[in-house]
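Residue-level structural notes
If you want the building blocks of each chain, they are given just below.
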Amino acid sequence: MRDDLSDKLVHLTKGNSDDPKKHRGEALTVLSKIIKGGELKGGIGFIKGSHMCVCFSEAPISKLSYIIASQEQKPFKYQPYGVIVDKRWLYEKGGRPVIYGPDEDYEKLPDEMKYRHVRFSLTKTHSIDHTWEREWRVKTRRLDICPKVVTLVVPDRGVKDALIKKYGDEWHYIVLSDLGVDIEAL
């Protein structure tokens, strides 16, 4: 099996603060709200046409460290907290890979597919390339989840233990530090 392919999709959380430690803490708070509420809420951020979607990456678990933004990057993007779902499960819910293309391609798409458009440009004056995200989207205000269909992503066993203490042991976890991904929790 190739290590650059996956049958799983990951939704990583983020915060809003400009301070790296606060941002990381906010991302954990978002994961806690996801667990408590049993749902991923749709958003319109960075989605042309303000389509309400829940977004995922097709990046394999072994490559997560590459898509988790370094703390020198601003705005901070993804943090080491999130949920993993089976690609087939999301497909059955209407999830699809995005369509990367220039702005003018957006209007060429049928209305029911416009939510999938992501700007892509490799001109000499202005390059925009987010293909490394390998993004999938499902158009929805909320995506219900439960321990049967998701695996939680956490940076270390300390966070896992704290979440088990708070929410019980029915959730499944992937602990990034167990996979050799050394990321500070907070």
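As shown above, the structure is provided for reference.
One structure accompanies this document, and this report is about it. (Residues numbered from 1 in each chain as written. Predicted model: local features only at pLDDT ≥ 70, side-chain atom pairs only at ≥ 80, totals over all residues. Heavy atoms only, no water.)

Attention now goes to the overall build of the protein chain. In terms of helices and strands, the protein chain carries five helices and 13 strands. If one aligns the C-alpha atoms of the protein chain with their principal axes, the spans along those axes are about 50 × 35 × 35 Å. Sorting the 186 residues of the protein chain into buried and exposed places 44% on the buried side. Across the protein chain, every contact between residues at least 6 apart in sequence was considered, and the portion connecting residues at least 24 apart equals 67%. As displayed, the protein chain offers around 10,800 Å² of accessible surface, 51% of which is attributable to carbon and sulfur atoms. Charge-centre separation for the protein chain: the mean point of 32 positive side chains lies 3 Å from the mean point of 28 negative side chains. (Helix = DSSP H or I, 4+ residues; strand = E, 2+ residues; numbered from the N terminus. Buried < 20%, exposed > 50% of the residue type's maximum accessible area, 1.4 Å probe, protein only. Contact = heavy atoms within 4.5 Å. Areas by Shrake-Rupley, 256 points an atom, 1.4 Å probe, with all protein chains shown as cover. Lys, Arg positive; Asp, Glu negative; His and termini not counted. Charge placed at Lys NZ, Arg CZ, Asp CG, Glu CD.)

Its identity as a non-glycine residue notwithstanding, Ser50 has a phi of 55°, on the positive side. Position of Ser50 among the secondary structure elements: in the loop between β2 (39-41) and β3 (53-57). The exposure class of Ser50 is partly exposed, given its relative accessible area of 48%. One non-glycine residue, Arg134, lies in the positive phi region at around 50°. With relative accessibility at 27%, the residue Arg134 sits in the partly exposed group.

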